[in-house]
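Report on the structure
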Amino acid sequence: MMKSVFCLLDTAPYGNEKAFGALNAAAVSLTEMSVTFGFYGDGVYLAAADQDSTELGVPNLSDILYSYGELRVIVHEPSLIEGTFW
């Protein structure tokens, strides 16, 4: 039976290191366990495709998220509706 881990992100993907750190930890863990990300509150913004982070001078975290097809992603629907960025 494979081990698994669940990461919950409830902060915006840029402006702090939480999202970047969680993505890096997940990438390292993928060889040994199943990884699921849950996005809640401002964390749902990480799931938005086609982000442009060049003016911030940081890596595009959405591209990193989607480059690991093995990651499972769960998004809190009420947070998406509140954000209305789709």
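Before reading on, note that the structure itself is shown above.
Predicted, not measured: the structure shown is a model, and the values here were computed from it. (Residues numbered from 1 in each chain as written. Predicted model: local features only at pLDDT ≥ 70, side-chain atom pairs only at ≥ 80, totals over all residues. Heavy atoms only, no water.)

**Considerations on the pairing of strand 2 (residues 33–39)**
Where a strand is regular, its side chains alternate between the two sheet faces. Among the 7 residues that make up strand 2, 6 are buried, leaving the element largely enclosed by the rest of the structure. Taken together, the 7 bridges between strand 1 (residues 3–9) and strand 2 define a ladder with parallel strand orientation. Of the residues in strand 2, the one forming a bridge with Cys-7 is Phe-37. For the handedness criterion, the β-α-β arrangement of strand 1, helix 1 (residues 18–29) and strand 2 is classed as right-handed. Across 4 bridges, strand 2 lies against strand 3 (residues 72–75) in parallel orientation. The residue bridging Phe-39 from the neighbouring strand is Val-75, located in strand 3. (Buried < 20%, exposed > 50% of the residue type's maximum accessible area, 1.4 Å probe, protein only. Helix = DSSP H or I, 4+ residues; strand = E, 2+ residues; numbered from the N terminus. Pairing = 2+ DSSP bridges. Right-handed = clockwise from strand over helix to strand, strands pointing away.)

**Things to note about the nonpolar core**
Among the nonpolar cores identified, the biggest contains 17 residues, and Leu-23, Val-35, Phe-37, Phe-39, Leu-46, Leu-65 and Leu-71 are the most heavily contacted of them. Where this core is concerned, the elements lending two or more residues are strand 1, helix 1, strand 2 and helix 2 (61–67). Ignoring sequence-local partners within four residues, the contact set of Leu-23 consists of Phe-37, Leu-46, Leu-61, Ile-64 and Leu-65. (Core = buried A, V, L, I, M, F, W, Y, C linked by side-chain atoms within 4.5 Å. Contact = heavy atoms within 4.5 Å.)

**Some thoughts on the sheet that holds strand 1**
Judged by pairing direction, the sheet is parallel, and its 3 strands sit side by side in the order 1-2-3 without closing on themselves. The sheet is open, and its two edges are formed by strand 1 and strand 3, each paired on a single side. Going from strand to strand, the sheet's axes swing by 20 degrees on average, the running direction of each strand aside. The strands touched by helix 1 are strand 1 and strand 2; relative to strand 2, the strand with the most contacts, the crossing angle is about 160 degrees. (Axes fitted to C-alpha atoms, helices over the stretch in contact; angles between N-to-C directions.)

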